[in-house]
Amino acid sequence: GGGGNEDGGSDVSVDDSAISGIVDESTEQGGTLNYAHSDQFDSLDPGNTYYAANWDFTRYFARTLVTYEQKPGEAGLELVPDLATDLGEVSDDGLTWTYTLKEGLKFQDGSDITAEDVKYAIARSNFAPEVLNKGPNYFNTHLDAGGYEGPYEDGNLDNFSGISTPDDRTVEFHLNEPFAEFDYLAAFPQTAPVPADADTGDQYQTQVVSSGPYRFDGEWTPGKQLTLVRNEEYDPETDPLTRNRPDKVQVQWKQEENDRDKRLLNGDLHMDVSGVGVEASARQDILRDDELKANADNPQTGFLLYFALNSNVEPFDDRACREAILYGADKTAMQGAWGGSIAGDIATNMLPPSIPGYKDTDPYGTEGQTGDEAKVDESLEECGMADGFSTNIAYRSDRDKEKKAAEALQQSLKQYGIDTELKGYPAGTYTSEQAGSPAFVEREELGILAYGWGADWPSGYGFLQQIMHGDAIKDAGNANLSELDDPEVNKLLDQAATTDDPTSREEIYADVNALAMDSATFLPYLNQKALLYRPEGLSNVYFSEAYKMYDYSALGLEQN
Amino acid sequence: MTDPVVSVKDLRITFPTLEGRLTAVDGLSFDVPDGGAVGIVGESGSGKSATSLALMGLHRGTNADVTGDITVAGTSINTASDTRVRAMRGNDIAMVFQDPMSSLHPQYTIGNQLIEALKVHRPGASASDARARAVESLDRVGIPDAAKRINSYPHEFSGGMRQRALIAMGLMCEPTVLLADEITTALDVTVQAQILDLLDDLRNDLGMSLILVSHDLAVVAGSVDEVLVMQNGGVVERGDVRDVLSAPAHPYTRSLLAAVPRVDVSRAQRRAQVRAERLEPASEGQGEQAQRAQRARRRADAEAAEQRTGATAKPEKSDEDAALLSVRNARMRFKVRGGLLGGASDFYAVDDVSFDLHQGETLGIVGESGSGKSTLSRMITRLLTPTSGEIAFEGRDITRLSERKLRPLRRDIQMIFQNPYSSLNPRVTIGDSIGAGLRVQGETDTKQIQRKVQQLLERVGLEASHYNRFPHAFSGGQRQRIAIARALILRPKLVICDEPVSALDVSTQDQVLRLLDELQDDFDLTYIFVAHDLAVVRQVSDRVAVMRQGEIVELDHSDTVYEAPRHDYTRELLTAAPVLDPVEAKRQREQRAERRRASTAA
Amino acid sequence: MTAPLDEPGATEQAQPDADAESGGVRDRGRSLGQIAWMRLRKDRVAMTGGAFVVLMAAVALFAPLIVGLLGQPPNQWNRDMLDPALGTPIGGMGGMSGDYLFGVEPVTGRDIFSRIVYGARISMLIGFLATLVSVVLGTVMGIIAGYFGGWVDSLISRLMDIFLAFPLLLFAMALVGVLPDAAFGLEDNALRIAILVFIIGFFNWPYIGRIIRGQTLSLREREFVEASRSLGAGNFYILRKELLPNLVAPILVYSTLLIPTNILFEAALSFLGVGVEPPTATWGGMLSEAVDYYDSAPNFMLAPGLAIFLTVLAFNLFGDGLRDALDPRTQS
Amino acid sequence: MIRYILRRLVAGVVLLLVVTMVVFAIFFLVPRLAGIDSDGLAARYVGKSPSPEAIAAVKERLNLDEPITVQYGEFVSGLVTGTEYDSGTDIIHCDAPCFGYSFKTNTEVWPQLMDRLPVTGSLAIGAAVIWVLAGVSIGVLSALRRGSLLDRAAMITALAGVSLPIFFTGLVSLALLSYYWPIFPPGGSYTGITENPLAWAHGLVLPWVTLAFLYAAMYARLTRAGMLDTMGEDFIRTARAKGLPERTVVTKHGLRAALTPIITIFGLDFGLMLGGAVLTESTFSLPGLGKFAVDAIRGNDLPVVLGVTLLTAAFVVVCNLIVDVLYAWVDPRVRVGA
Ligand SMILES: Nc1ncnc2c1ncn2[C@@H]1O[C@H](COP(=O)(O)OP(=O)(O)OP(=O)(O)O)[C@@H](O)[C@H]1O
Ligand SMILES: Nc1ncnc2c1ncn2[C@@H]1O[C@H](COP(=O)(O)OP(=O)(O)OP(=O)(O)O)[C@@H](O)[C@H]1O
Ligand SMILES: [Mg+2]
Ligand SMILES: [Mg+2]
Ligand code: NI
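Cut-offs and rules
Residues numbered from 1 in each chain as written. Chains lettered and ligands numbered in written order. Predicted model: local features only at pLDDT ≥ 70, side-chain atom pairs only at ≥ 80, totals over all residues. Heavy atoms only, no water. Phe/Tyr/Trp six-rings, centres within 6.5 Å; stacked < 30°, edge-to-face > 60°. Lys NZ or Arg CZ within 6 Å of the ring centre and 35° of its normal. Contact = heavy atoms within 4.5 Å. Buried area = accessible area lost by both parts, 1.4 Å probe. Salt bridge = Lys/Arg side-chain N within 4 Å of Asp/Glu carboxyl O. Patch = residues over 30% accessible without salt bridge, like charges linked within 9 Å, V, L, I, M, F, W, Y side chains within 5 Å. Areas by Shrake-Rupley, 256 points an atom, 1.4 Å probe, with all protein chains shown as cover. Helix = DSSP H or I, 4+ residues; strand = E, 2+ residues; numbered from the N terminus. Domains from an automatic or database assignment. Polar contact = N/O pair within 3.5 Å; in protein donor to acceptor, adjacent residues only side chain to side chain. Buried < 20%, exposed > 50% of the residue type's maximum accessible area, 1.4 Å probe, protein only. Pairing = 2+ DSSP bridges. Axes fitted to C-alpha atoms, helices over the stretch in contact; angles between N-to-C directions. Lys, Arg positive; Asp, Glu negative; His and termini not counted. Charge placed at Lys NZ, Arg CZ, Asp CG, Glu CD. Near = heavy atom within 4 Å. Core = buried A, V, L, I, M, F, W, Y, C linked by side-chain atoms within 4.5 Å. Parallel < 35°, antiparallel > 145°, perpendicular 65-115°, else oblique. Nonpolar A, V, L, I, M, F, W, Y, C, P; charged D, E, K, R; others polar. Left-handed = near helix turned anticlockwise from the far one by under 90°.

Turning our attention to the packing of aromatic side chains. Per the counting criterion, the structure on display carries 53 aromatic pairs over all chains. Of note, B:Arg331 hangs over the ring of B:Tyr348, and the distance from its end group to the ring centre comes to 4.2 Å.

One frequently used descriptor of interface size is the decrease in accessible area upon assembly of the parts. Taken residue by residue, the interface counts 37 residues in chain A and 30 residues in chain C. Both faces combined, the contact of chain A with chain C buries some 2900 Å², and carbon together with sulfur accounts for 49% of it. In terms of surface lost to chain C, no three residues of chain A exceed A:Gln284, A:Lys404 and A:Gln411, which account for 17% of the buried area on that side. For the pair chain A and chain C, the number of links is 3 salt bridges. Note that A:Lys403 is salt-bridged to C:Glu289, the shortest N-O span being 3.7 Å.

Glancing now at a nonpolar patch on the surface. A surface patch of nonpolar side chains, amounting to about 400 Å² of accessible area, comprises C:Leu125, C:Leu129, C:Leu132, C:Val136 and C:Val140. The topology assignment puts C:Val140 in helix α5 (residues 112-148).

Residue and element names in this part refer to chain B. Domain boundaries in chain B define domain 1 (4-259) and domain 2 (325-336 + 345-579). Opposite the 16 residues of domain 1 that make contact, domain 2 presents 18 residues. For the domain 1 and domain 2 pair, buried surface summed over both sides reaches about 1500 Å², with 61% attributable to carbon and sulfur atoms. Summed over the shared surface of domain 1 and domain 2, the result is 0 salt bridges. Remark: the boundary between domain 1 and domain 2 carries 0 residue pairs in polar contact (both at pLDDT 80 or more).

Moving on, we come to helix α10 (residues 235-243) of chain C. Considered for burial, the residues of α10(C) that qualify are C:Tyr237, C:Ile238, C:Leu239, C:Glu242 and C:Leu243. Tucked inside the fold, the buried residues of α10(C) contact α16 (430-440) of chain B together with α5, α8 (188-219) and α9 (223-230) of chain C.

Moving on to the pattern of salt bridges. Enumeration according to the criterion identifies 73 salt bridges over all chains in this entry. Between B:Arg133 and B:Glu174 there is a salt bridge; the shortest N-O distance is 3.2 Å. Highlighted residues: B:Arg133 in helix α5 (residues 127-140) and B:Glu174 in the loop between α7 (159-171) and β7 (177-181), separated in sequence by 41 residues. Residue class for B:Glu174 comes out partly exposed when judged on its relative accessible area of 38%. For B:Glu174, the salt bridge identified is with B:Arg140, shortest N-O distance 4.0 Å. Separated by 34 residues along the polypeptide, B:Glu174 in the loop between α7 and β7 and B:Arg140 in helix α5 bring together distant segments of the chain. Linked by salt bridges that have partners in common, A:Lys403, A:Lys404, A:Glu407, C:Glu105, C:Arg110, C:Arg115 and C:Glu289 make up one network.

Before going further, it helps to examine the sheet that holds β7(B). Residues and elements named next belong to chain B. Pairing within the open sheet is mixed, and its 6 strands lie in the order β6-β7-β8-β3-β9-β10. The sheet terminates laterally at β6 (93-96) and β10 (234-240), the two strands that pair on one side only. The average undirected angle you get between the axes of adjacent strands in this sheet is 15°. The pairing of β7 with strand β8 (residues 209-214) spans 5 bridges and is classified as parallel. Bridge pairing in β8 places Leu178 opposite Leu210. Contacts between α7 and the sheet are confined to β6 and β7, with β6 contributing the most and set at about 175° to the helix. Relative to β8, helix α8 (residues 189-206) is tilted by about 155°, and along the sheet it contacts β3 (37-42), β7 and β8.

This part covers a negative patch on the surface. Residues and elements named next belong to chain A. Judged by side-chain charge, Asp24, Glu28, Asp289, Glu291, Glu536 and Glu558 come together as a negatively charged surface patch. You can see Glu536 is positioned in the loop between β19 (532-533) and β20 (538-539). Residue classification places Glu536 among the exposed residues on the basis of a relative accessible area of 61%.

Residue and element names in this part refer to chain B. Around ligand 2, a shell composed of 13 residues is seen, among which Ser369, Gly370, Lys373, Ser374 and Thr375 lie nearest. Within the side chain of Thr375, an N or O atom sits 2.5 Å from an oxygen atom of ligand 2. One of the side-chain nitrogen or oxygen atoms of Glu499 is found 3.1 Å away from an oxygen atom of ligand 2. Starting from 630 Å² of accessible surface for ligand 2 in isolation, the protein chains cover 61%. Among the elements that take part in the shell around ligand 2, helix α14 (residues 373-380) stands out by supplying 3 residues, more than any other.

Residue and element names in this part refer to chain B. Taken together, the neighbourhood of ligand 1 is formed by 13 residues, with Ser44, Gly45, Ser49, Ala50 and Gln98 sitting nearest. Here Ser46 contributes a backbone N or O atom positioned 3.2 Å from an oxygen atom of ligand 1. At 2.7 Å, a backbone N or O of Ala50 approaches an oxygen atom of ligand 1. When the free accessible area of ligand 1 is taken as 640 Å², the share hidden by the protein chains comes to 66%. Take the shell around ligand 1: its biggest share by element is 3 residues, from helix α1 (residues 48-55).

This part takes up α9(C). Within α9(C), 7 of the 8 residues are buried, which leaves the element mostly enclosed by the surrounding structure. Close packing links the buried residues of α9(C) with α14, β16 (413-416) and α18 (476-488) of chain B together with α5, α8 and α10 of chain C. Of the residues one or two after α9(C), C:Gly232 is the one with positive phi, at around 100°.

In terms of nonpolar packing, the biggest core is built from 384 residues, with A:Tyr35, A:Phe57, A:Phe173 and A:Phe307 touching the most fellow members. Apart from residues no more than four positions distant in its own chain, A:Phe173 is found in contact with A:Leu65, A:Leu95, A:Thr96, A:Trp97, A:Tyr99, A:Ile122, A:Phe139, A:Leu143, A:Gly162, A:Ile163 and A:Phe182. Formed by 59 residues, the second largest nonpolar core is a distinct cluster that contains B:Val191, B:Val219, B:Val227 and B:Val241.

Moving on to the packing of α5(C) against helix α12 (residues 283-290) of chain C. Residue and element names in this part refer to chain C. Running from amino to carboxyl end, α5 crosses α12 at an angle of 130°, the nearest separation of the two axes being 7 Å. The angle between α5 and α12 falls in the class oblique. Contacts between α5 and α12 involve Ile112, Arg115, Ile116, Gly119, Ala120, Ser123 and Met124 from the first element and Trp283, Gly284 and Met286 from the second. Across the contact of α5 with α12, the residue classes break down as 6 nonpolar, 3 polar and 1 charged.

What follows deals with the packing of helix α9 (residues 319-328) of chain A against helix α11 (residues 373-382) of chain A. Residues and elements named next belong to chain A. Orientation of α9 relative to α11, taken along the N-to-C sense of each, is 165°, at an axis distance of 8 Å. Accordingly, the angle class assigned to the pair α9 and α11 is roughly antiparallel. In this structure, α9 meets α11 at a crossing whose hand is left-handed. Across from Ala320, Glu323, Ala324, Tyr327 and Gly328 in α9, the residues of α11 making contact are Lys375, Val376, Ser379, Leu380 and Glu382. For the contact of α9 with α11, a count of residues per class yields 5 nonpolar, 2 polar and 3 charged.

What follows is the structure, given as C-alpha cells:
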C-alpha cells in the first residue's frame, strides 16, 4: 500500500499500518462494538446476500465450511477450515468435493450442527430463486442437481442429488464439471448451516439461527438497529478464528454518509460496516490532520473501475475507433474525479493487482496517462473517422463520482473531435434495464458504459468470468457490458475452471486479461482504493485482503 | 355648569398624500358641556370623521399629523401616554362608527366583541357578569331576543342590527361621552328613529354627553342642543340647533338646508323646481361642474335631435296599457341553512309581488331593511331567477331566459347598486368599469369606447380626465355618479336604482337626484327607485310601493300614499321620518314613546 | 321603441365635432401601467431589485461574452489549479484569482465564475418558466374552481388533491428511462429543460391553485361582479377583467417565492438523474455537488448559494414593489 | 356538514385509487414504453448477476407477467380484505389494510410504515410548530414595522431560508452545533417520544429548526401581506376604540383575520410534509417516511412506493379536508360545502 506522493501534491500518505499488520493487538474481551451503514444490507440471511461487507459481517453468527485466515496481508487470502475439519477433498475425476464437519458444533439452541443442515442451507440458497435470489448462484451452476426444485417446492431433501450426506458429519458435493476453485465457494456464507425446521424462507433474516459466537438479540426487523449478543452455545475451541471479543455488536442502518463519517472521526461510532471508506468531506478532514492520518488506512479495494466499449454500437464495431477512445482517455482526470491518488491507482489492464495472475502491463499507455494525440489521430484515421465521431456515455446518475469520471472522459475526448453525450440512469435499474440490457444499449446507442467490478472471490475466475465470458451475456441483468464473446477468452476461462494447479490458472488469467485488453473493449482506469478510518478504542484492527475491508470478526474494543 | 367634558382648541389635522399635505381639519374649536349634546354636520369629506378620530386619539401611530388641544374629561388627549389614552377609550369616551358592515370583526361573535369591551376596563368582572351586561346592553338598543343573538356572528345580523350592536358596544362601559359618527346612514327610518330615541334616553338616564356626527341635518335636529356646521375642515357656523335651523347665517348652511328633501314636497313640485333651476344656466353655487354638465347635456340633446330627424321619429308616449315591465306573482325563495346537520328551511324574501311599470314612469319602493327590496331588484335584472311567477319586459317573458339569450337584453335593463364602494372594482379604472358594458356588448373599437365613456363622464358631472383613475380616488358621491354612468352607457330603457343615494350626504344626494331626473328627461328613462328615505322617494316617484316582509303592502300614486296612507305600516313609516324642526322632532319623539309604552303595556 | 341617444351610425357622424372637444386627446389621466411605473420608480428598493434581475437576465443572455472577457470556458477542466492528491483548489480562497474570479471547483478545476454565469441561463430559465407554468395553470384552475363553484369546483379541487398526492419523484425517475433524445422538435438539453419545466411547473400548480381558489371564493361574492354581470358580461369577461386584477397581489407573492423553490427543485431532480445532463452547469446542481466540500472549499457552495439568494431577494423586492405599485389603495 | 365530510372522504378514497393506479402505471407501463420487458423488471429484484431461472422465478412470484389490471386488482383487494404471502416455508397472513410485501426487504409494508410514521410525524409536527410560530410572528412584526430595519432583516433571513437547500443548512448546523460545539446530539440519534421525551426533543431540535427555516419564510411573507391588508380594516379601528391594548388588537383582531390563507397553505404543506421531509430525514439520518420512500424509489420497491404514496396521499386528502372544515370555524362567513 502507501498513498502515492509522486505527483507533487499534498502529502496524502496515511498511516496504513493496519494493511500490513495488526493494530492494537490484544486478547481483551468486552464492550459494545458500534457499526453504522449508510444504507442497509440486502439481507442478513447468510444464504441471501451478495455484499462483501455482509460476507465479512455474517461471520459473527454464520460459520461456513471453510473461511479465510485471520491475518493481515497476503496471508489473509489463505483458506482455512472452519466448520469442516479440513479443506475440501476432491475426487480424482474432480467431480466430488467432500468436507467433514468437526465434532461438538452446536447451533444457538444447543442442537447439533449436522451435514444435513449444510445441505439444506445450500438447497435453499441456490435452488429456490423464487424465494431467495439475492445471493450468487454458483452452487446452482456447478452442482449436478438434476431438476431439483428447491426445498420450498420439493419438501423432500433427498431429492436434492447435488449434495449427499452419507452421515451426520460428511458433506459430499457432486459437480457437473470439475471446478478447481470450489473451496472458495465453500467459504461463501451460503454454506453456513440452517436447521430446516427453523427456516422461515425469506423471513429467516429476522431470526437467523446462529452457529457462530453471537446471536440476534430477539427478532430483528429489517431497517431497525441490529443487536448481536453472545451465543452461549458457541465453543471457541472448535473455531480456528478468534471472533468473540466484544460483548455486544450493534449496527445502525441508513445513516447519512457525511454524518456517519463525522461520528466515526469523533469516535461516536466504531466502524462503517459497508467498508467503502469515508466520503469526500471526511477525506479532506483526515488528509489535513496528522492525528487523524495516524488512524487511517488507504488500501486497494480490489474493485476495478472501467468503461466498457460496446462493439455492437457504431462506430465501435471498428476496433480502431475503440482504440481512439483508449488512447484519448485522460486517466489522471478520471482518477481525480474519484478523488485523486487516495481514491485509487490508475489501472492499465483488466485485473486488479491483488488478484493472482496480475501483471503490470499497459497496452494503451500514454505519457502521464493523459492521452496521446498522435495515437488518437492515427486510430481515427484508421477507422475512417478522421474528424472524430460522436457517441454516448452511460453512467449511474446517482453516483457522483462515476458521473464525474464520465465527465472527465467526455472532456478528454472532446479535444480530439470525439463528441460524447452523457446519459445518466438510476443505479437501481442500471444493470437490470439499461446498461445491462443489450437491446437497450443498442437502441440508445450507448457506446461507452461506466462500470466497476469486484471479484466474488480472490481469483481471476471470480473476477473475470462474469464480465468477459460470452456465456455470461444476458438479456437483462447483464454484467458483460462490452458484450465480449471471444471464443478464445471463453475457452480459456472454461479451461481455468478445470485446472487444478493454481499457477497454471494464474497463467490463464493473465492470458485472458491480455486478450481482453487486445479486444479494445475495456477502458480500465482505476484500481480503487478506500480511505478507511479506524477510531481510537478499537483493538485488533487489520485489513482483510479477502473481504477488502477490515476484518470485522477480529475487532475488539480496548478495555479502558 | 362645570367644566366642559370635551374641549377642542384649534385642532388641525393633516395627511400626507401623493400631491402633498392635505389639511382635513383646519383650526377647529368647540366645547361639549357635561351632559350636553353637540351635532356636527357637513358634507362628505369635510373632516367630521377625522375630528372624531382625533378625539379618540386614534390618529396615533398613523401618518396623520394632529396639532391643537383636545381635552376629554380633564385629560389632554394629545399629550397623554398611550396607556392613559387606551384606558380612556371606551370608558370615558366611546365611539360608534360609521360603517356597521366593516366595523365589526367578522370572525367573532357579537357577544365576544361586547364582552371584550367591558373586560378591558373592568378586569375584575366575572364572565357571567360580563355576559349579563352584554345582554342588557343589546337589549337596550332594541335587539330582540338578546340573550340568544349574543352568540351570533355579525354576518348573521342585518345592517341595522349591526349598527345597533356597535352602539351597544359603545355603551358597555357607560362612557361619559359618546361619539356617534353617522350611525343612522345605513338604517331605515323606523330603526333610525328608534336609535335616536335610544340615544336621547341614555342621555337623560345616564347623564351622558353626546357628539352626533351626521350629514343629515334632520337627524341631528331633534337630538342635540348645539350644532356645528363644517365645510372643508373648518366650522362655518355654530349655535343653538333651533337658531341654526330656523335662521341659518352662512350661505353654506342655507344650501345644506335647501338640499334636504322634504316629505311634504310632492313629485310635481320638485320637478317643476328642478327644471326651472336647470334652465337657468350656471346659477350661483352650482359652479363649473354644473356648467360642464350643461354643455355635455346640450351636446347630447343635439345628437339625439339630429338622430331623431335622421332616423325614426320618436314614438308617441307609449300606450298606457302596454307596460314596459310587468311583474306577476313573483316569489323568491331562499334556502336558509340550519346548524351543523344542515337542515334547510325555506324563506321567502319576495313573496307574491305583482305590478306593472310604464315607459317613462318612476316607481318608488320603500320598506324596512330586509323587506326584499334588493332581492326584487335583482329578480327584475335577472341576477336572480324567480322561484315562481313571471317577469315580462316589453311583453316578452324573461323569467326563465338563459344567460346567453339574456345578454343582449341586458342593454335595456340596468341597475345602480346600493353601495358605490363595493359595486366598483377597486382594481379596475373607472373608465374600464364604465366601458365594460360596451365591450361586453360587442364594441371592440377602444377609441370609440373611450370617447363614449368620456362623454358620459362629463354628462354625469365628472371629468373626462378621470378615465384612468381608480375608484378609491373618488368620494362617495362621485362614485355613485360613476355607477350611474356605468348603468347608462348602454342606453337602457329601464334603470333600477337600489338605494342610490343612501350613502351620500344631503348635498351630494341632491346633486345625484337632480342628475337622475335630468337623465330621465333626456333619455326617456324608466326608473325603479328603491330607498329607505321616504322624502327622497316621494320626490322622485310617480307611484310608490311599500314593501314589508317580502310583500307589497301598498302601491299607489305617490301623493296618495304620502297624504292618505291606507296601511298601518305605511303610517308608521311616515311618523318615523325625521323632521327638520327640532321642536316638531321632540314632539314626535314623545308620541313614539307614548306608543311604545302603550304597546308594551298591552 | 324609444330612441336611444346614439346609435352606432349616428356617433360616427358626430365624431369629428365631438372629438375636437372631448375626445381622447384631452385625457390627462394615466393608464394603469403608467401609474404603476411612476410609483415603482419612486421605490428605490424595488428598483434596485428590478435592476439586479435585469442584470442577471443580461448575464444569462450574454454569458459567452462575459465569460470570454472575465472567465475560462465553463466546461474546461483545469486540473493544474488543483492539488492533485486532494483534488482541492491550490491557494487560499478556493483558488480565487484574477483569472478565476470565484475560484475553481474541486475535482475538476472548472472556473466557478463562468459556470455561475452559464448556470444563470438554465437556472433562471427553469426557475421562471416553471413558475410561469404553475402560476398560469394554478391561477386559471383556481379562479375557475372558485368562480363557478359546484361540481366544477369539486372536480378541480379533487384534481388538485391528486396532483398534490402524486409521487413526483417516482414519476421523474421513471421518465429517465423513456426520455427520447429528441421530441417535439427539441433535442438533448433543450428537451431536458422543456421536460423539467413541464414536470416542475405542472406539478406545482395545485399549490397556488388552492390559494387562488380561496381568494376567488370570496371575491365572487362582491357586488362588482354582479354589476358586471348585469351589464351582460360573460363569465370569461368577469374572470379576466374583474377577478384577475384583484388576484395580482397573492399571485405576485407566490410567484416570487416559487422561483427559488423551483431552482432548487431542479437541483434535486439533477441529483436523481433527471436534471440537465452534465457538464451543463446549473446553480442547483452546483450547490448539491458542493455539499461535500462545504468546509474545504466553501466558495464552491457560496457562489451558487449567493447567486440563488440574491436573485430571489431581488425578485422579492421587485415583486413587493410591484404589488404596492399596482395596489390603487397604497398612498405613498 | 357531516354529509359533506362523508362525501369528501368518499372522494378521497377514489382519489387514492387514482393515485395508486398512476403509480402502478408508472411502474409497469412506463418501462414498457422504453422497451423493457418483464424480464428486465424481474431482474431488478435479483442479485448482482441473475440467472435466467432466477429471473423466471421472480417473475412468477411477483406476477409480473399478469396483465397490469389483474395485478392492480390484487393490490386493491389486499388493501380491503388482506392477502397472504408465501415466504417459502410459511403462508404469511397480511391483514387488511395490507399494503403489500416489500420486494426488496421481504417484509410487510404496513408495519414498516407504522414504524416510520412517528419519526416523520415528530419531525413534521415539531417543525410545523416552529415555522408557524416563527413565520407568523416575524410576519406580524414586519407588517407592523413595515419598511423598518427589522422588516428588511426578517425578509432577508426568510428568503435565505427558501434559497438555501436543506442539505446545506442541515449540514452546517450539524457541523457547528453538534460537532464543533456539541450541544445537540449528532444525526441518527432518534429516540421515541415514549421512551424519553427529553431525548426525543433534544435530538430533534436541529432537524426541526432546519426544516422550519425553509418554511418560515413563506409564512412570514404571507402573514406580512395578510396583516398589511387587515390592519387597515375598519374593525381594527373599532378594536382600538374599545381601548384594547395594541397587542390584543394585533393578535386577536388583526391576526385572526389574516389567518385564513395561511391555514390553506398550512394544510397543504403539512399534508405534503409527511411524505416529503426526504432531505431533512436524509441529512439527519432519521428513519422516517420520506427517506423510506426515496430508498424504495431508488430500489424500485413497488409495494413500498405504493404504500408510502397511499399513506401520504391520504394525509394530503385529510389535511385538505380539515382545512376546508377549519375554514368554517376560522371564518364563520364561509359555508362548508355550499
Ligand atoms: N388616512 C387618511 N389619509 C389621507 N387622507 C385622509 C385620511 N383620512 C381622511 N382623509 C381625508 O381627510 C378628509 C376628511 O375626511 P373625513 O373622513 O373626516 O370626512 P367626513 O367628513 O367624515 O366625510 P364622510 O361624510 O364621507 O364620512 C377627506 O378629504 C379625506 O379624503
Ligand atoms: N342569497 C341569499 N340567501 C339567503 N337569504 C337571502 C339572500 N339574499 C337575500 N336574502 C335575505 O332576503 C331578505 C331580503 O333581502 P334584501 O337584500 O332584498 O333586503 P332589502 O330590502 O334590500 O334590505 P336593505 O334595505 O337592508 O338593503 C333578507 O332577510 C336577506 O337576509
Ligand atoms: Mg366620515
Ligand atoms: Mg338592499
Ligand atoms: Ni340618509
